[in-house]
Amino acid sequence: MNLYGTIILVTLVTTFLIKLLADVLNLRAASPDIPDVFVGVYEQDAYRRSQDYLRANTLFSLVEASFDLALLLVFWFAGGFNRLDQYIRGFGFDTVIAGVLFIGALLLLQSVAGLPFSLYKTFVLEERFGFNKTTPQVFVADLFKGLLLAAVLGSPLLALIIWFFDRSGSLAWLWAWSGVTIFSLLLQYVAPSVIMPMFNKFTPLEDGPLRQAILRYADDVRFPISGIYVIDGSKRSAKANAFFTGFGRHKRIALFDTLIANHTEEELVAVLAHEIGHFKKRHILVSMVLSMLNLGVVFFLLSLFMNNSRLSDAFYMQQVSVYSSLLFFMLLYSPVEFILAVLLQMLSRRHEFQADRFAVATYPGGRALSDALKKLSKSNLSNLTPHPFYVFLNYSHPPVLQRILRIEAEASRKHS
Ligand SMILES: [Zn+2]
């Protein structure tokens, strides 16, 4: 066990313990009393169920995270990486193909090991709380479509990265970075029309008061929409959502059928006003640029650790290779990634407040956003009193209570 091995081991264990601490604090923060704002929205019974749901989910993710960590450590210390590498090398493929097989096999192993967890989560945990709508057929179909996508899209991309690092010397990181950036831009372009329809049905929202209200608001704020769709989210879960897809003039709105079923027209437009706020405030662009910059840094640092024999030794490898360097570097980089993720979520929570403010400022029925959030958190059994440390580590959105209080304060300011 050399320095690299020690750093990675300590990091893995420390990250696990930090998350465990956040979980424990979060459970202990669950208060038996309904927060004032929610009196009249949550009945005592629903509130108790939301806390049962929190406990069940926390326990589940704890067991899953412990299993993942144990699996990685056992595989690592039993020399699994080297055995797999030697086995694949036995076929005599070139580096690119061997690398795709090596990383592909590890990912496959990981998803097979995770299968019991996702089965339990869908058919036991979510089922018990009345959320699950996924049939075994849909579950199996999703699994195969996911694998197919990973094979069709993931392996050429991985092959390209390995090829650059194998052939193009000290500027490989720049080539890999450009390649992946172009690839992910293309992917965002084709995802709404090719990939998403593989998983869900998109039906144009029929003409009526809701459609008219959405178009009127979009026109008011000069936001071009090329389509409004209803998506069959109820195929998998009773939980509701809404999102946007596409670029430039091709922006599409997708509303979950489960969202439409439970909300008033005013609430739905307010939810969309929030989503449009993300575009208008350039949040989508900012996140995209930040993740591209991060990717550039990752590839540059990776190039410094390429074919590093000490890093390779830490995993008991007989031979160094571009592809195993890629994998081990990602493990070495994980503490940095952990910190970056926390920072990005901080930014994301600010963005959510800004989008809420945009909705209240531009839509006359903006206050309805707080009604929508109340209903959503009730029907999704959201945790109303998360611990601040847990929020700091895990929340991409501010706790719903904070959002509601701010929205209502801004709405009253606007009307006074
Ligand atoms: Zn948002």
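Our subject is the structure listed above.
I will try to describe carefully the structure that is included in this document. The shown structure was predicted, so the numbers you read here are calculated from the model rather than taken from an experiment. (Residues numbered from 1 in each chain as written. Predicted model: local features only at pLDDT ≥ 70, side-chain atom pairs only at ≥ 80, totals over all residues. Heavy atoms only, no water.)

### Observations regarding the overall build of the protein chain
The condition is simple: Put simply, DSSP marks the helices as runs of H or I at least four residues long and the strands as runs of E at least two long, and each gets a number from the N terminus on. We take the radius of gyration over the C-alpha atoms and set the globule estimate at 2.2 Å times the residue count to the 0.38 power. Residue burial is assigned from relative accessible area. The probe radius is 1.4 Å, only protein chains are included, and a residue is buried under 20% of its type maximum, exposed over 50%, and partly exposed in between.
When its secondary structure is counted, the protein chain shows 15 helices and four strands. Taken over the C-alpha trace, the protein chain has a radius of gyration of 24 Å; the compact-globule value for 416 residues is 22 Å, and the two agree within 12%. Overall, the C-alpha framework of the protein chain stretches about 70 × 50 × 40 Å when taken along its three principal axes. Classification of the 416 residues of the protein chain by burial places 44% in the buried group.

### Here's the deal with the environment of L25
Filter applied, for reference: Note on contacts: a residue pair qualifies if any of its non-hydrogen atoms lie within 4.5 Å across the two residues.
One can find L25 in helix α1 (residues 3-29). By relative accessible area, L25 is classed as partly exposed at 26%. The residues touching L25, leaving out its near neighbours within four places in the chain, are H387 and F389.

### A closer look at the coordination of the zinc ion
Stated precisely, the cut-off is as follows: Donor selection uses N, O and S atoms within 2.8 Å of the metal (3.2 Å for Na, K and Ca). Since no water is included, sites may look incomplete. Under the classification used here, a metal with four donors is tetrahedral if each angle lies between 85 and 135 degrees, square planar if opposite donors are over 155 degrees apart and the others between 65 and 115, a six-donor metal meeting that same test is octahedral, and anything else is irregular.
On the protein side, the zinc ion has H274 (NE2), H278 (NE2), E352 (OE) and E352 (OE) as donor atoms, found 2.0 to 2.7 Å from it. Its four donor atoms give the zinc ion angles of 52 to 135° at the centre, a pattern that matches the irregular case. Between the donor residues of the zinc ion, the gaps in sequence give the motif H-x3-H-x73-E. In this pair, H278 is assigned in helix α9 (residues 265-280) and E352 in helix α12 (residues 322-362), connecting sequence segments 74 residues apart. Since its relative accessible area comes to 9%, H278 is described here as buried. For E352, a relative accessible area of 6% corresponds to the buried category.

### Quick look at the packing of aromatic side chains
Put simply, the rule reads: Note on aromatic pairs: the rings of Phe, Tyr and Trp (six-membered ring only in Trp) are paired at centre separations within 6.5 Å, and the planes decide the class, stacked below 30 degrees, edge-to-face beyond 60, tilted for the rest. For a Lys NZ or an Arg CZ to count as sitting over a ring, it must be within 6 Å of the ring centre and within 35 degrees of the ring normal.
Per the counting criterion, the structure on display carries 31 aromatic pairs. Here the aromatic rings of Y42 and Y47 are separated by 5.9 Å at their centres, their planes lie at 75°, and the arrangement is edge-to-face. Take Y42: its relative accessible area is 3%, and that puts it in the buried class. Each member of the aromatic cluster is reached from another via a ring pair, and the members are F75, W76, F77, F81, F315, Y316 and F328. A cation sits over an aromatic face here: K145 above F199, 5.6 Å from the ring centre. Its end group placed over the ring of F353, R406 keeps NZ or CZ at 3.7 Å from the ring centre.

### Quick word on the side chain of H274
Here is the rule we go by: Throughout this description, a polar contact denotes any pair of N or O atoms lying within 3.5 Å of each other; where both atoms belong to protein, one of them has to be capable of donating a hydrogen while the other can accept it, and for residues adjacent in sequence the pair is counted only when both atoms sit in side chains.
Within the element layout of this structure, H274 appears in helix α9. For H274, the side chain forms a polar contact with the side chain of E352, separated by 2.8 Å.

### Some details on the environment of A361
By the secondary structure assignment, A361 is in helix α12. Judged by its relative accessible area of 56%, A361 is exposed. The sequence separation of A361 and A411 amounts to 50 residues, and the corresponding C-alpha distance is 7.9 Å.

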